[in-house]
Amino acid sequence: MEENGTEKGVAAMAACYQEFDPAEYLQYNYTLPRADFERKDSIMPWKLACLHRAFTEGDVNGELLVDIGSGPTLYQVMSGCEVFNKVLLTDFLEVNRQELRGWLQDEGGSSMDWTPFLQHVCKLEGRGASAWTEKAAKLRQVITGVVHVDVHRPQPLALDDLPSAGADCLVSCFCLESASPDLAAFNKALGHIGSLLRPGGHLLLIGALGTSYYFAGPGVKLPVVPLNEAQVCAGLKENGYTLIRLEVYTMPQHMKLGSDDLSGIFFAKARKE
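Owing to the predicted nature of the structure, the values given are computational and were not obtained by experimental measurement.

## Some words on helix α8 (residues 183-194)
Right, so step 1: The end-to-end C-alpha separation of α8 is 17 Å, in line with the 16 Å expected for 12 residues at 1.5 Å each.
Right, so step 2: Among all positions of α8, only Ala185, Phe186, Asn187, Ala189, Leu190, His192, Ile193 and Gly194 are buried.

Now the structure itself:
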């Protein structure tokens, strides 16, 4: 009965997401003040710094990086594209996959100007903001595809989307807790995506803490599993990951915009056993 209830919850979540509006979501979350690169306490610089550090410490490497639940965003692979020769973007929704393809085709089909994000990552790399065009070109060069993913399936990707050896690294930002109806489904999804990762490979996970909803369009209020740090750590351990580092960002009052009830963000770096 519990399994049946979870399946119904997952189906209900999938139905909710049919109203997801990529352009509105990007406007809510990836503009000022949350993407203010002049302020050290802004959300976006914190996330990019966590990812930059993880990708440049030397232990995260290999051939293939897979982004699980990319949504309509690219920031999460801007550091990784310098480390991996191949990057695969994935999302459940076709509207998000279309948004990503619009940027990749570089013909004005994207809702978002990613230039300030690219410039900031270049600065983190010590290259200067003017190198952003090179980074954009590199990103377009190494991204091998934008494919469908379903984290609630034991095999989240189509078999021909991934080499048999698995990915060398997974990155996933705000996906699992947003796509799951409850904590049990979140933990299962954490295990499912682990099946895509080779033994010894790394998982870089960013997610929401203490959040029960967010808006993804006018009147489109989507539920989120309200996680705490202990639950994140327990879920990783339960699914065969060794936690290397957990960092937490506490949401300042001026970042609380009413588009969600986010209280904080976690960044976890883990290795698959």
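On we go from here.
## Things to note about the pattern of salt bridges
Right, so step 1: Throughout the structure, instances matching the rule amount to 19 salt bridges.
Right, so step 2: A salt bridge links Glu247 to Arg53, with the nearest nitrogen and oxygen atoms 3.5 Å apart. With Glu247 in strand β8 (residues 241-250) and Arg53 in helix α3 (residues 43-56), the pair connects residues that are 194 residues apart, well separated along the chain.
Right, so step 3: What makes Arg53 partly exposed here is its relative accessible area of 40%.
Right, so step 4: A salt bridge links Glu82 to Lys138; its shortest N-O distance comes to 3.5 Å. Of this pair, Glu82 sits in the loop between β1 (64-67) and β2 (86-91) while Lys138 sits in helix α6 (residues 132-142), placing them 56 residues apart in sequence.
Right, so step 5: Overlapping salt bridges, with partners in common, bring together Arg53, Glu57, Asp59, Arg245, Glu247 and Lys269 in one network.

## Side note on helix α2 (residues 22-29)
Since the α-helix advances by 3.6 residues per turn, residues separated by three or four positions end up pointing in the same direction.
Right, so step 1: Buried within α2 we find Pro22, Tyr25, Leu26 and Asn29. Relative to the axis of α2, the buried residues are bounded by an arc of 100° and lie together on one face.

## Some details on the packing of α3 against helix α5 (residues 115-124)
Angle between the axes and distance between the axes are the two parameters that describe a pair of packed helices.
Right, so step 1: Axis separation between α3 and α5 bottoms out at 10 Å; the angle between their running directions is 45°. Classified by the angle between their axes, α3 and α5 sit oblique to one another. The handedness of the crossing between α3 and α5 comes out as right-handed. Side by side, α3 and α5 meet where Met44, Pro45, Leu48, Ala49 and His52 of the first sit next to Phe117, His120, Val121 and Leu124 of the second.
Right, so step 2: Broken down by class, the residue content of the contact of α3 with α5 amounts to 7 nonpolar, 2 polar and no charged.

## What to know about the packing of aromatic side chains
Right, so step 1: Summed over the entire model, instances satisfying the criterion amount to 12 aromatic pairs.
Right, so step 2: Residues Phe20 and Tyr25 carry aromatic rings whose centres are separated by 5.3 Å and whose planes lie at 45° to one another, so their mutual orientation is tilted.
Right, so step 3: Among the residues examined, Phe20 registers a relative accessible area of 7% and is labelled buried.
Right, so step 4: On the numbers, 4.8 Å between centres and 65° between planes, the contact of Trp114 with Phe117 is edge-to-face.

## Digging into the side chain of Asp150
Right, so step 1: Its location among the elements puts Asp150 in the loop between β3 (143-148) and β4 (167-173).
Right, so step 2: Asp150 gets classed as buried once you look at its relative accessible area, which sits at 13%.
Right, so step 3: In this structure the side chain of Asp150 is engaged in a polar contact, spanning 3.0 Å, whose partner is the backbone nitrogen of His152.
Right, so step 4: Contacts of Asp150, omitting those with residues within four sequence positions, involve Phe92 and Pro156.

## Digging into the side chain of Glu99
Right, so step 1: Looking at where Glu99 falls in the secondary structure, it is placed in helix α4 (residues 94-105).
Right, so step 2: For the buried Glu99, no salt bridge exists, and the shortest N-O distance to an oppositely charged side chain is 10 Å, to Arg140.
Right, so step 3: Look past the residues within four positions of Glu99 in its chain and what remains in contact with it is Pro22, Leu26, Pro72, Ser110, Ser111 and Met112.

## Description of the nonpolar core
Right, so step 1: Of all hydrophobic cores here, the largest spans 56 residues; its most connected members are Tyr75, Met78, Trp114 and Phe117.
Right, so step 2: In terms of residue count, α3 provides more of this core than any other element does, 8 residues in total.
Right, so step 3: What Met78 contacts, discounting residues up to four positions off in sequence, is Trp114, Phe117, Leu118, Val121, Glu125, Lys135 and Leu139.
Right, so step 4: Val66, Val149, Leu157 and Leu209 belong to the second largest nonpolar core, which has 30 residues in total.

## Side note on the environment of Leu204
Right, so step 1: Inspection of the secondary structure assignment puts Leu204 in strand β5 (residues 197-209).
Right, so step 2: Residues Leu204 and Leu51, 153 residues apart in the sequence, show an inter-C-alpha distance of 7.8 Å.
Right, so step 3: Once residues lying within four places of it in the same chain are set aside, the contact partners of Leu204 are Ala54, Phe55, Cys169, Leu170, Val171, Ser172, Phe267, Ala268 and Lys269.

## With respect to the sheet that holds strand β9 (residues 264-272)
Right, so step 1: Sheet architecture is open: 7 strands sit in the order β3-β2-β1-β4-β5-β9-β8, paired in mixed fashion. Looking at strand neighbours, the two that pair on one side only are β3 and β8, the edges of this open sheet. On average, each strand axis in the sheet is inclined to that of its neighbour by 15°, with strand direction left out of account.
Right, so step 2: In this structure, β4 lies alongside β5, joined through 6 bridges in parallel fashion.

## Quick notes on the pairing of β1
Every other side chain in a regular strand lies on the same face of the sheet, so the side chains alternate between the two faces.
Right, so step 1: Every second residue of β1 is oriented toward a common face, with Leu64 and Val66 on one face and Leu65 and Asp67 on the other, all of them buried.
Right, so step 2: Relative to β2, β1 runs parallel, the two being bridged by 4 bridges. Bridge pairing links Asp67 to Leu89 in β2.
Right, so step 3: Pairing of β1 with β4 involves 3 bridges; the strand directions are parallel. Looking at β4, one finds that Val66 is bridged to Leu170.

Criteria and cut-off values
Residues numbered from 1 in each chain as written. Predicted model: local features only at pLDDT ≥ 70, side-chain atom pairs only at ≥ 80, totals over all residues. Heavy atoms only, no water. Helix = DSSP H or I, 4+ residues; strand = E, 2+ residues; numbered from the N terminus. Expected span 1.5 Å × (residues − 1). Buried < 20%, exposed > 50% of the residue type's maximum accessible area, 1.4 Å probe, protein only. Salt bridge = Lys/Arg side-chain N within 4 Å of Asp/Glu carboxyl O. Arc of directions from axis to C-beta. Axes fitted to C-alpha atoms, helices over the stretch in contact; angles between N-to-C directions. Parallel < 35°, antiparallel > 145°, perpendicular 65-115°, else oblique. Left-handed = near helix turned anticlockwise from the far one by under 90°. Contact = heavy atoms within 4.5 Å. Nonpolar A, V, L, I, M, F, W, Y, C, P; charged D, E, K, R; others polar. Phe/Tyr/Trp six-rings, centres within 6.5 Å; stacked < 30°, edge-to-face > 60°. Polar contact = N/O pair within 3.5 Å; in protein donor to acceptor, adjacent residues only side chain to side chain. Lys, Arg positive; Asp, Glu negative; His and termini not counted. Core = buried A, V, L, I, M, F, W, Y, C linked by side-chain atoms within 4.5 Å. Pairing = 2+ DSSP bridges.

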